[in-house]
Amino acid sequence: MDEMKLSLSTKFMRGMFAKLVAKSIKKKYGYKADIYFSEIDLDMKDGQTHLHMNVDIELGSEEFKNLMKAIAED
């Protein structure tokens, strides 16, 4: 029985993860997004993965529409 649990509970770790995600979005799609994670939990058990995130993202309306179109095309 394989089991792994990961919870980014500290503000520092959530901030580091947010920077990595924002940098990835900027690199791949060219849009700067302000991202804040207030909760990240990952459970992996017997080949099943459950990810729960509570996230706030600030992005201009046009940039958001264009980003959603770009993601849908991928």
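Refer to the structure printed above.
Residues numbered from 1 in each chain as written. Predicted model: local features only at pLDDT ≥ 70, side-chain atom pairs only at ≥ 80, totals over all residues. Heavy atoms only, no water.

(A) Molecular detail of the packing of aromatic side chains. The full count for this structure, using the stated rule, is 1 aromatic pair. Where Phe17 meets Phe37, the ring centres are 5.0 Å apart and the plane angle is 50°; that geometry is what we call tilted. Separated by 20 residues along the polypeptide, Phe17 in helix H1 (residues 11-29) and Phe37 in strand S2 (residues 34-45) bring together distant segments of the chain. Note on Phe37: relative accessible area 4%, which makes it buried. (Phe/Tyr/Trp six-rings, centres within 6.5 Å; stacked < 30°, edge-to-face > 60°. Helix = DSSP H or I, 4+ residues; strand = E, 2+ residues; numbered from the N terminus. Buried < 20%, exposed > 50% of the residue type's maximum accessible area, 1.4 Å probe, protein only.)

(B) View of the sheet that holds strand S3 (residues 48-58). An order of S1-S2-S3 is seen for the 3 strands of this open sheet, with the pairing classed as antiparallel. This sheet does not close on itself; its edge strands, each paired only once, are strand S1 (3-7) and S3. Between one strand and the next, the sheet's axes are offset by a mean angle of 10°, whatever the strand orientation. The pairing of S1 with S2 spans 5 bridges and is classified as antiparallel. Of the residues in S2, the one forming a bridge with Met4 is Met44. On the sheet, H1 packs against S2 and S3 and is oriented at approximately 105° with respect to S2. (Pairing = 2+ DSSP bridges. Axes fitted to C-alpha atoms, helices over the stretch in contact; angles between N-to-C directions. Contact = heavy atoms within 4.5 Å.)

(C) Fine view of H1. Under the 1.5 Å per step criterion, the end-to-end length of H1 is 26 Å for 19 residues, consistent within 8% with the ideal 27 Å. Turning to H1, its buried residues number three or more, namely Arg14, Ala18, Ala22 and Ile25. Along the axis of H1, the buried residues cluster in a sector spanning 70°; they form a single face. Relative to its buried face, H1 has exposed residues pointing more than 90 degrees away, namely Phe12, Lys19, Leu20, Lys23, Lys27 and Lys28. (Expected span 1.5 Å × (residues − 1). Arc of directions from axis to C-beta.)

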